[in-house]
Structure formats: structure tokens, C-alpha cells
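Working through the structure, step by step
Listed below are the residues making up each chain.
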Amino acid sequence: MDQFTINLMFVGASFALYIGIAIWARAGSTSEFYAAGRGVHPVTNGMATAADWMSAASFISMAGLIAFTGYDNSTYLMGWTGGYVLLALLLAPYLRKFGKFTVSEFIGDRFYSPTARLVAVICLIIASTTYVIGQMTGVGVAFGRFLEISNTAGLLIGAVIVFAYAVFGGMKGVTYTQVAQYCVLILAYTIPAVFISLQLTGNPIPALGLFGDYAATGEPLLAKLDALVAELGFNEYTAHNGDTFNMMLFTLSLMIGTAGLPHVIMRFFTVPRVADARWSAGWALVFIALLYLTAPAVGAMARLNITDMFWPNGTDAEAVSLEQIDSDPRYNWMETWQKTGLLGWEDKNGDGKIQYYNDKSEAMQTKAAENGWAGNELTNFNQDILVLANPEIANLPAWVIGLVAAGGLAAALSTAAGLLLAISSAVSHDLIKGRFAPNISEKGELLSARIAMAIAIVVATYLGLNPPGFAAQTVALAFGLAAASIFPALMMGIFSKKVNNAGAVAGMLAGLVVTLVYIFLHKGWFFIPDTNSFSDADPLLGTIKSTSFGAVGAAINFAVAYVVSGMTKPVPQDIVELVESVRVPRGAGAAAADH
């Protein structure tokens, strides 16, 4: 049986499972559509949250970014896991105690203002849509490879699948589908990692194998990798080479962005009691840790394998020949990925070899001149393909490659569904029911939610064709937007009795606009290519990249909110009492009767 058929079997079986669950758990009411009827067990909710959280950015893209940069990109691990601790301690229990369906509903009630609710909806839609672009990028990469079609065709097929099960299931269907998706994606991520760790280090636990000895030479694996990449003119893998201030801001942006992302916060409205919200966050952290402890090992071991493939006899010997790439079965993965347009190579000097090295390094330029090389001949290696290509690069069995296909799609689709649910509930529940048509029927509200979801998919798919970066980088921009707009409003809403409606609205708008403009200046206006004035290689403000600006935007949000609140009317007494009641740990508010 060929690899294509095996891929189809694994992907087809997993999709049949997801869609079957979505139909079985189909939402029949708005309570089930938005909050799964508030009847989800904390362990189940923790697993669903982990699947919602571990998106294409975590599964497909993060290990690739770590593999090609090393230590400096460990910020993704620190920021995203640290953010979950913030979420569990500072936000989840209090929001569940408040007892509403959506983040913007909390902001509207706490700041006693329909305008605050409207601004929160706008912030939520912008952050979530940016996040969905990253997911659709991952969907295109995964479908493109495993159906052996172009990246664009893969993206369009993925959009149709997302639409099918997100639209029909609602939060009830999505919750149970995501439990199944978590099981698929964690097996798909860890099983190849165990195989590769055994191959390279003899240790079946990848996180321990990373700090073990390289079986071929007996030296520490990381020391071997450091030496190998340095010989090719790249920065040492374990060395810190970036700007420390930007690194700190980026980690902070990811942390507070995590705590402000609406599609994750929504999961904590689905549990029966306030204590369950804390337990859900705790369980989610356990389930997330299984992947996040494995990711650094996946990145390092993949980088070692790839480098060995291009220099099979060491960096002092000849590079791999075109003849070997064409005839050796171990290199079949290169031809397969070339079809997607995400991998490319070119024999620039016509010597029949493919030299892979850093042609911007002065030392390598000297060596290249001595050897007659004409530049790096691995012309395109999209970092998003690394995890999906990893089992093929390591020459693992065909069923493992099929499992990774299913896992990659599970990761991208589960988060896309959660995000689209956040967008649809913001439009139908907060905009249409909350603002324009308060007497809309439950059936009409569900219909408007599904129409909003369909429009969001079309927009995200279009922007996913030309994303502003790799999947994890695009997602990092979404975290920056959530950090700058939603997180400060939630924190001030729960912990401050001094911030009023005018302050909250001014703060959210200031944080959102400043951050959005900074991102567009670096990534292009509305992410349209070649419309940017600056780049992350040479940022507008010192060393602060667009992906790190969310922390600055959050500081602006807090400052503006407190200044404006001090200049305007104080918070009414009933709202002060509301804030105090939300912070009391006993009991849980029921959802308002009009839902």
C-alpha cells in the first residue's frame, strides 16, 4: 500500500470520528452552542482546552521555528505556557463566577456600557481573525503535503472542512470533537518523537534524549548540533544571539496575550462550578505540557537529521549529490514536499551537488570561494513543514507518517473551530442580540452565528493565501493584539474598582490602534505584501519587533484607562459591589435569565 493511500486512511478515519461526534453532540440551543450547556467535566474541558490551544502554531510551526533558530525561539515555549498560569490564577475562576457567555459581555456589564461591549467585540474579532489566518496557513501546509497537491488547493479544501463541523456543532459539538482531536494530535506528535529519540540517543523520552548523548559519536547531542551548525556558518544552536529586551517583551506579549485570548477564555464558561474553572486550567496545563516538553527535542533532532542529510559524510566532505537525491529512497520526502512549493533546491554552480550553508557568514563566503560554491543551494525550506516532514526525514514507518498527517490537521482544525466560535458568538450574541436586535429569536441568533462563522472563514482563507509570516509568527501577532486590547480590560474589570466606562473604552482603543498600526507598518497594511515601511530585521522603535509590541500596547492601554478614569465620573456604587462580589471565592453566578 502506498503512502498516499495510508495518509488518506488515517485522515479519513479521524475526520469521520470528528464529524460523527459533532453530529452526535449537535447544539440545539444557544446555551449549548455558546457554552455546551455548562455541563462539561474539568478533565474533559482541560483536554478540549488543550486541543483548542495547541493549534497549527504549536503542532506544525513551533518546533520548526526552534529548529532553525535554537535557544532564542524558546520564548514561544515560555510565553505560551506562562500565559496559562496567568489565566488559571487571575482570570478563569472570576469570569466563570460572573456567569456570562462571552468576554465582551463581561466587559459590557462590568464597565456598564454598550460602547465598551462593542469595542471589546471589535478587539476580539480582529485578534481572532488574525489567529485564524495562522491556522489556515497550517491547514494549507498539512493538506498540501498529504493530498500531494499545492499549498493553495490544500488551504481551500481545509476551509470547507472547518466550515462543516464548526458551523453545525457549536460549543457542545466542538468540545467533544476537541477531546478526540487532542488524543489524535498528542499521539501524532509524541510517537515520531519517541522513534527519533531512540534512533539518535537510545532514550525513548525525547525531553531526556535532548540532553543525552548522540549515539553515533558518544558526545552530548546538543554539543554535536552546536558544532555542526557552527561549521556551516550558522549561529550556535544553544547560544543567545538575539536582543534580550525584545526577547523579554515578546515573552510577556505571548503570556498576557494567552490570558486575553477569547476562544480560550470561553472554554471556562462551559464548566458547572467556579472551582471547576481552576481545575480545568490545571488539567489543560498538564495536557499542554506533554507536547511542549517534547517540542524542543523535536526541533533539535530534526535540525540534526536535516543537516546530516545534506552533508552525509560530514561538513568537510562532499555535499549530497543530485543523483543521490533522485535515486536514494531516503530522499523521497524532498520530491514530495517540492510539489507543495514549500521546499526547493537549485544546483547554482552546476557541480551536481547541493551545498546547504549560511552564505551570509563571512567565514563561509571565504570557504565557498575556495571550493567554487555559488551560494546556499537549499533555496526554500519553509519552517512550517518540519514537524510534518520529520518522520519521512527520519525514515520512519508509513503508518507513523499517516498518523502525523491526521495529527497536524487535528491541531489546525480544532483551534480554527474554537476561534470561529468566538467570532460567531461575538457577532450574533454581542452585536446582533446585544446591540441591534435584542428581541431576536433563539433560532435567528443561531442562524446569524453560523453566517458570521462562514464570513470569517472566507476572510481568513483569503488572507491565509498570503500570510504575514509562518503559522506561529502570524499567531504571535494575534497574541500581541489580544495582549494590548482584551487582557488589560479584563484585569482592570476584575481587580480595579477605579476604572470606569470611559477609561476602559479609551484604553482598549488606544492599545488596539497603536499595536495594529505598529504591526501594519512592519507586516504591510492589512497584511498586503510590499505595503510595509519597516521590517522586523530593522524595526521602527529600537529593537522592538512587531511580534513583541503587544506588551507595549498593553502598558499604553493600562495608562490611558487610569488617566481617563481619573478625569471622568467615578464608578457607580452598584458596579463597585459587583466587582467585590466577583472576587468572593464562594458560589457561581448563573447565566442571566435572558439567555
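Residues numbered from 1 in each chain as written. Predicted model: local features only at pLDDT ≥ 70, side-chain atom pairs only at ≥ 80, totals over all residues. Heavy atoms only, no water.

In contact at an axis separation of 10 Å, helix α4 (residues 56–69) and helix α5 (residues 75–98) are set at 145 degrees when each is read in the N-to-C sense. Two secondary-structure elements touch here, α4 through A57, S58, M62, L65 and I66 and α5 through Y76, L77 and W80. Of the residues that constitute the contact of α4 with α5, the class distribution is 7 nonpolar, 1 polar and no charged. (Axes fitted to C-alpha atoms, helices over the stretch in contact; angles between N-to-C directions. Helix = DSSP H or I, 4+ residues; strand = E, 2+ residues; numbered from the N terminus. Contact = heavy atoms within 4.5 Å. Nonpolar A, V, L, I, M, F, W, Y, C, P; charged D, E, K, R; others polar.)

Quick look at the side chain of T258 now. Tracing the sequence through the fold places T258 in helix α11 (residues 244–260). Within the structure, the side chain of T258 is placed 2.6 Å from the backbone oxygen of L254, a separation counted as a polar contact. Other than its neighbours up to four places away in sequence, T258 contacts W53, G79, W80, G83, Y84 and F479. (Polar contact = N/O pair within 3.5 Å; in protein donor to acceptor, adjacent residues only side chain to side chain.)

Here we come to the pattern of salt bridges. For the coordinates displayed, the defined rule picks out 7 salt bridges. The salt bridge partner of K353 is E318, with a shortest N-O separation of 3.8 Å. Here E318 lies in the loop between α14 (295–310) and α15 (322–327) and K353 lies in the loop between β1 (343–344) and α17 (362–371), a separation of 35 residues in the sequence. Its salt-bridge partner being D536, residue K523 comes within 3.3 Å of it at the nearest N-O pair. (Salt bridge = Lys/Arg side-chain N within 4 Å of Asp/Glu carboxyl O.)

To continue, consider the packing of aromatic side chains. Applying the stated criterion to the full structure yields 19 aromatic pairs. With a centroid separation of 5.2 Å and 65 degrees between ring planes, the pair formed by F59 and Y189 is classed as edge-to-face. Here Y189 lies in helix α8 (residues 151–201) and F59 lies in helix α4, a separation of 130 residues in the sequence. Taken individually, F59 and Y189 each receive the classification buried, so the pair is uniform in this respect. A connected cluster of aromatic rings, assembled from ring pairs, spans Y76, W80, Y131, F250 and F479. (Phe/Tyr/Trp six-rings, centres within 6.5 Å; stacked < 30°, edge-to-face > 60°. Buried < 20%, exposed > 50% of the residue type's maximum accessible area, 1.4 Å probe, protein only.)

Time to look at helix α24 (residues 573–583). An α-helix turns once every 3.6 residues. As a result, residues three or four positions apart point the same way. Among the residues making up α24, those that are buried are I575, V576, V579 and V582. Down the axis of α24, the sector holding all buried residues measures 125 degrees, keeping them to one side. Where α24 is buried, its residues meet α5, α6 (103–110) and α21 (471–495). (Arc of directions from axis to C-beta.)

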